[in-house]
Amino acid sequence: MTSDNSDQAEYWGQSPSGAKWISYEHRLDTALAPVLDLVLDRAALAPGDHVLDIGCGTGISLLMAARQVGPTGSVLGVDISQQLLQRAETRIANSGLGNIDTLLDDAQTTGFEPASRYAMISRFGMMFFADPVSAFRNIASALKPGGRMTFAAWGPLEGNPWFRVPHIRAVERMGPMPKTDRNAPGPLAFHDGDRITGLMAEAGLTDVSVDAVHLDLTPMGGLTGAAALVTQVGPAARILAHHAGTAEDAQAIEVAVATDFATYETPERMVIPALINLFQARVPV
């Protein structure tokens, strides 16, 4: 494992896997809306706040935060992926909001303007750092004394069928992936809340906490739409890519996932349970 995040820049910024987040932007924003709502609710942004958004992706969190802080506030979105940030900039331009800026850089190392922000938020943007302690310290340098970090990460795999089901079905079809460190950078790297709060404290943050929150994800398109989405984006897609899977393989995995996901189908919509680790901390005063 490298000490920098160049591999993440390549994955999210140049690969077809990163591009899928643009192709499925609306479906992902819809499915993960409860997570962003949780982050913004706990962050309690106020009009006039100046906010830092880490791993802003295609920009839905930027738009929502910018509306909360209003024209007297501002939001700076940071992402390591050029293709995702370009899409975010298009959405910003189309929104008519004038209080959002973006930065293409690695939040672990970039030189933020010191003590310039009141709050930092992130929806699933913090789990990919090669050196989380350095990242926490560097992000904290951008916050004013007493400024708060609020970010969401996936909890344990067992509590997240959104990941667990497609992973199991893809492995059954294609075979296992090489074993990796469960704490290595990736979507589930912050599954152990106690470990991460320890790293946050090591970085010098105070009032550190983690809350394991049970939410319901709300994918669009019913059972078939949900099964198709988690086959195209996430662990099933990575397993298919690793094993050079065919369209027939992808279809077989999607059918198997749909069978398992049927238990989460209601007459109104799909409701897929999720376990989210909601982290908060403050910069010392």
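Residues numbered from 1 in each chain as written. Predicted model: local features only at pLDDT ≥ 70, side-chain atom pairs only at ≥ 80, totals over all residues. Heavy atoms only, no water.

(A) Structural context of helix H10 (residues 222–232). Of all the residues in H10, the buried ones are Leu 223, Gly 225, Ala 226, Ala 227, Leu 229, Val 230 and Thr 231. Looking at the packing, one finds that the buried side of H10 touches helix H3 (25–31), helix H8 (161–174), helix H11 (235–242), helix H12 (247–261) and strand E7 (272–282). At the exit of H10 stands Gly 234, carrying a positive phi of roughly 120 degrees. (Buried < 20%, exposed > 50% of the residue type's maximum accessible area, 1.4 Å probe, protein only. Helix = DSSP H or I, 4+ residues; strand = E, 2+ residues; numbered from the N terminus. Contact = heavy atoms within 4.5 Å.)

(B) Layout of the environment of Met 149. With respect to the secondary-structure elements, Met 149 resides in strand E5 (residues 143–154). In sequence terms Met 149 and Ala 281 are 132 residues apart; their C-alpha atoms lie 5.3 Å from each other. Beyond its immediate sequence surroundings of up to four residues, Met 149 is in contact with Met 120, Phe 136, Ile 139, Ala 140, Leu 143, Leu 205, Phe 279, Gln 280 and Ala 281.

(C) Molecular detail of H8. Compared with the 20 Å implied by 1.5 Å per residue over 14 residues, the 19 Å span of H8 between its first and last C-alpha is a close match. Listed as buried for H8 are Pro 161, Trp 162, Phe 163, Val 165, Pro 166, Ala 170 and Met 174. Just downstream of H8, Gly 175 is the residue with a positive phi angle, here 105 degrees. (Expected span 1.5 Å × (residues − 1).)

(D) How the structure looks around the nonpolar core. Ranked by internal contacts, the top residues of the largest apolar core, which has 89 residues, are Ile 54, Phe 136, Ile 139, Trp 154, Phe 190 and Phe 261. Setting aside residues no more than four positions away along its own chain, Ile 54 makes contact with Val 78, Ala 107, Phe 112, Met 120, Ile 121, Ser 122, Gly 125, Met 126, Phe 129 and Ile 139. (Core = buried A, V, L, I, M, F, W, Y, C linked by side-chain atoms within 4.5 Å.)

(E) Examining the environment of Ala 201 more closely. Tracing the chain through its elements places Ala 201 in helix H9 (residues 193–202). Judged by relative accessible area, Ala 201 falls into the partly exposed class, the value being 43%. Residues Ala 201 and Val 133, 68 residues apart in the sequence, show an inter-C-alpha distance of 8.9 Å.

(F) Structural view of the sheet that holds E5. With mixed pairing, seven strands are arranged side by side in an open sheet as E3-E2-E1-E4-E5-E7-E6. Because the sheet does not close on itself, it has two edges, and the strands there are strand E3 (100–104) and strand E6 (206–217). Put simply, the sheet's adjacent strands are angled 20 degrees from each other on average, direction ignored. Pairing between E6 and E7: ten bridges, direction antiparallel. Opposite Leu 215, over in E7, you have Ala 274 as the bridge partner. (Pairing = 2+ DSSP bridges. Axes fitted to C-alpha atoms, helices over the stretch in contact; angles between N-to-C directions.)

(G) Inspection of the side chain of Thr 231 at higher detail. Relative to the assigned elements, Thr 231 resides in helix H10. With relative accessibility at 1%, the residue Thr 231 sits in the buried group. A distance of 2.7 Å separates a polar side-chain atom of Thr 231 from the backbone oxygen of Ala 227. If near-sequence neighbours (up to four positions away) are discounted, Thr 231 is found in contact with Ala 236, Ala 237, Leu 240, Ala 250, Ile 253, Glu 254 and Val 257. (Polar contact = N/O pair within 3.5 Å; in protein donor to acceptor, adjacent residues only side chain to side chain.)

(H) Region of the structure containing the packing of aromatic side chains. For the structure shown, the criterion picks out eight aromatic pairs. Look at Phe 261 and Tyr 264: their rings are 5.9 Å apart centre to centre, the planes differ by 65 degrees, and that puts the pair in the edge-to-face class. By relative accessible area, Tyr 264 is classed as buried at 17%. Every member of this aromatic cluster is reached through a ring pair, and the members are Phe 136, Phe 151, Phe 190 and Phe 279. Over the ring of Tyr 118 we find Lys 144; its NZ or CZ atom is 5.4 Å from the centre of that ring. (Phe/Tyr/Trp six-rings, centres within 6.5 Å; stacked < 30°, edge-to-face > 60°. Lys NZ or Arg CZ within 6 Å of the ring centre and 35° of its normal.)

(I) Quick peek at unusual backbone geometry. Backbone geometry places Ala 44, a non-glycine residue, at a positive phi of 50 degrees. Its location among the elements puts Ala 44 in the loop between helix H4 (33–43) and strand E1 (50–54). Residue class for Ala 44 comes out exposed when judged on its relative accessible area of 54%. A positive phi angle, close to 65 degrees, is found at Phe 124, a residue other than glycine.

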